[in-house]
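Summary of structural features
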Amino acid sequence: MIDLVETFNNAFRLQQEGNFVEAGTLYRAVLDAAPEHAGSHHLLGLVEHQLGRHDAALASIKRAIDLNGDEPNYHNNLGTVYRTLGKIDE
């Protein structure tokens, strides 16, 4: 079993350093162990966005919102991805 907090924190650090592929791998490891970890869904969505995989980004961020719709950053970043795709109305 992985240490969820340590793995999540390491993923976040890697993402901040620009190592998006490895960060995504660690976020997925957290989600394998805790499928309803909203923060990992959200940040995995940002990783996917940063890698240009916008459809995957939308799916991950929407899942984070399903799990914790009260977090404004999730909604803001969903809007950012929609803007990137030129889907302003969404």
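The present account deals with the structure reproduced in this document.

Thresholds applied
- Residues numbered from 1 in each chain as written.
- Predicted model: local features only at pLDDT ≥ 70, side-chain atom pairs only at ≥ 80, totals over all residues.
- Heavy atoms only, no water.
- Axes fitted to C-alpha atoms, helices over the stretch in contact; angles between N-to-C directions.
- Helix = DSSP H or I, 4+ residues; strand = E, 2+ residues; numbered from the N terminus.
- Parallel < 35°, antiparallel > 145°, perpendicular 65-115°, else oblique.
- Left-handed = near helix turned anticlockwise from the far one by under 90°.
- Contact = heavy atoms within 4.5 Å.
- Nonpolar A, V, L, I, M, F, W, Y, C, P; charged D, E, K, R; others polar.
- Salt bridge = Lys/Arg side-chain N within 4 Å of Asp/Glu carboxyl O.
- Buried < 20%, exposed > 50% of the residue type's maximum accessible area, 1.4 Å probe, protein only.

1. A closer look at the packing of helix H3 (residues 38–50) against helix H4 (residues 54–67)
For any two helices packed against each other, the geometry is given by the interaxial angle and the distance between the axes. Across the interface, H3 lies against H4 with an axial gap of 7 Å and an inter-helix angle of 160°. By the angle between their axes, H3 is roughly antiparallel relative to H4. The hand of the H3/H4 crossing is left-handed. Counting all contacts with H3, which are made through Ala-38, His-41, His-42, Leu-44, Gly-45, Leu-46, Glu-48 and His-49, the residues of H4 involved are His-54, Ala-56, Ala-57, Ser-60, Ile-61, Arg-63, Ala-64 and Leu-67. Residues that form the contact of H3 with H4 fall into these classes: eight nonpolar, six polar and two charged.

2. Brief notes about the pattern of salt bridges
Counted under the stated rule, the structure contains three salt bridges. Between Glu-17 and Arg-13 there is a salt bridge, with the nearest N and O atoms lying 3.4 Å from each other. A relative accessible area of 39% means that Arg-13 is categorised as partly exposed. One salt bridge in this structure joins Glu-48 and Arg-53, with 2.5 Å as the shortest N-O distance. Under the relative-accessibility criterion, Glu-48 is labelled buried at 6%.

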